[in-house]
Amino acid sequence: MKLLKTPFTCYLPVLALFGLCWLGLPGESVAKGAVYVATVEGDAITPVTVGYLDRAIREAETARAVCLVIKLDTPGGLLEATRSIVKRIMNARTPIVVYVSPRGARAGSAGVFITLASHVAAMAPSTNIGAAHPVTIGGGGPLERLSRTFKQKDQEQDEDQDTQEKEVTSPMTDKIMNDTIAWVRAIATERGRNVEWAVRSVTESISDSEKDALAAGVIDFVAADLTELVAKLDGRRVKLPDGEQALETAGARVIFVDLLFRERFLRVIAHPNVAYILMLLGFFGLLFEFTHPGIGFPGIAGTICIILAFFSFQVLPVNYAGLALILLGIILLIAEAKVVSYGLLTLGGVTCMFLGSLMLFDAPGEYMQVSLNVVLPLVLAIAGITVFLGAMVFRAQRQKVFSGPEGLVGEEGAARSDIAP
């Protein structure tokens, strides 16, 4: 009874609620014969997406659902995360339907492989699919283009010169390209889709609208909305690891698999812009704590931000050269307050931070890069604060001392007694 009266028990309801949010609040009860729907809308394909879709497939399999519909709208994503999703779809015991939706959506890059791997592929009007050319993504080296095409200019004016194209490649990029081509060919062959189009989407980055994709045999049909999709799925036969199965979607209940609180939180902090801001807040929070010990809050907040940033770096493809440049830039800005360099250290620190911010994430496309709209204001703000503090320190050092024995130097005084000697 004494334990129940301790203050710690006051926190038990809060801890229990947090635990439910982290593990996922109880959702709808499983419904046999239902159509489950998972939504990947506007997000890049990351390990967070892998976890969400894996959970959706497991729930659909456990509930013995008619099928799982993945509403897809993605600009692309990480190659390894895409491979994990494709592998899970290819081995699913429940039919997987990829529906590129809503209107204006796209299945770009990684979305092509996911769409091709589905048992049934559909698209909404005014959508597109394609541009699956792979780009080297790694945790260390600089971003490389797999191929660069150099064409001679003014070929219409110079008819005597033939058009030449040269591809700058390396053994590593050739391996990645050949492996990706073999992979997409195997997926398209297994699902009975247009193999030639699939290969060209990788080698030539072609992209088609829903009508062209339907005519090319890339998708199975076009559906205006989810209701029409469910209606067109009825009676369609799909091939599963256990054998063929006919979809019976007529009158089926539609259940949406929502993101859990944990998945929503991880999706937010896994964004490059958020990870970049968390990293800077963490560094400066710890710096403030070390230079002004005893406060506590900056150190605790900075540690939390650093840990969350490190998680994001684990999910995102970090270029450690960019991270090193940012750290060097912060060190140079701190040194400006200690060493009189007349702005040279500040200029070097701002340059390092700016270049490091652009190189921080080694990934293709703007969806996996830190936005300039975030980099420029932060770098300029940090530089401005550093210059202001440095100027204040420099001005304070040049001011005359007004207290202590040093303050008496040069002052005039009246002697009230004899001065001896």
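First, a word on scope: everything that follows refers to the structure included in this document. Model, not experiment: these values are computed from the prediction. (Residues numbered from 1 in each chain as written. Predicted model: local features only at pLDDT ≥ 70, side-chain atom pairs only at ≥ 80, totals over all residues. Heavy atoms only, no water.)

### As for the packing of helix H12 (residues 320–336) against helix H13 (residues 344–359)
For the record, the criterion: Where helices are involved, their axes are fitted lines through C-alpha atoms of the stretch in contact, as for all axes, and angles between N-to-C directions lie from 0 to 180°. Where helices and strands are cited, they refer to DSSP runs of H or I of at least four residues and of E of at least two residues respectively, numbered from the N terminus. Working definition: roughly parallel below 35 degrees, roughly antiparallel above 145 degrees, roughly perpendicular at 65 to 115 degrees, and oblique for all remaining angles. It is the rotation of the near helix from the far one that decides the hand of a crossing: anticlockwise by less than a right angle makes it left-handed, clockwise makes it right-handed. Contacts are assigned to residue pairs that have any heavy atoms within 4.5 Å of one another. Note that Gly is not counted as nonpolar here; it falls among the polar residues with everything else outside the nonpolar set of Ala, Val, Leu, Ile, Met, Phe, Trp, Tyr, Cys and Pro and the charged set of Asp, Glu, Lys and Arg.
Relative to each other, H12 and H13 sit at 160°, their axes nearing to 7 Å. Between H12 and H13, the interaxial angle falls into the category roughly antiparallel. In this structure, H12 meets H13 at a crossing whose hand is left-handed. Touching Ala-321, Gly-322, Leu-325, Ile-326, Leu-328, Gly-329, Ile-330, Leu-332, Leu-333, Ala-335 and Glu-336 of H12 are Leu-344, Leu-345, Thr-346, Gly-348, Gly-349, Val-350, Cys-352, Met-353, Leu-355, Gly-356, Ser-357 and Met-359, all from H13. A per-class count over the contact of H12 with H13 returns 15 nonpolar, seven polar and one charged.

### Details of the sheet that holds strand E7 (residues 207–209)
The condition is simple: For two strands to be treated as a pair, DSSP must find no fewer than two bridges joining them.
Taken together, three strands build an open sheet; the order of strands is E4-E6-E7 and the sheet is mixed. Single-partner strands in this sheet number two, and they are strand E4 (106–108) and E7. Strand-to-strand, the axes of this sheet are offset by a mean angle of 15°, without reference to chain direction. In the packing of helix H4 (residues 110–117) onto the sheet, the strands contacted are E4 and strand E6 (128–130), and the crossing angle to E4 comes to about 105°.

### Here's the deal with the pattern of salt bridges
Put simply, the rule is: Every case where a carboxyl oxygen of Asp or Glu lies within 4 Å of a side-chain nitrogen of Lys or Arg is listed as a salt bridge. Using a 1.4 Å probe on the protein chains alone, a residue whose accessible area is under 20% of its type maximum counts as buried, one over 50% counts as exposed, and one in between counts as partly exposed.
For the structure on display, the rule yields eleven salt bridges. Put simply, Arg-93 and Glu-61 hold a salt bridge, and the shortest N to O gap is 3.8 Å. With Arg-93 in the loop between helix H3 (79–90) and strand E3 (96–100) and Glu-61 in helix H2 (residues 47–62), this residue pair connects regions lying 32 residues apart in the sequence. By relative accessible area, which is 52% here, Arg-93 ends up exposed. When its relative accessible area of 11% is taken as the criterion, Glu-61 is described as buried. Among the ionic pairs, Lys-232 bridges to Glu-228, the shortest N-O distance being 3.0 Å. Here the residue Lys-232 and the residue Glu-228 both occupy positions in helix H8 (residues 226–233), the gap between them amounting to four residues, near one helical turn. Under the relative-accessibility criterion, Lys-232 is labelled partly exposed at 36%. By sharing partners, the salt bridges in this structure join Asp-54, Arg-58, Glu-61, Arg-88 and Arg-93 into a single network.

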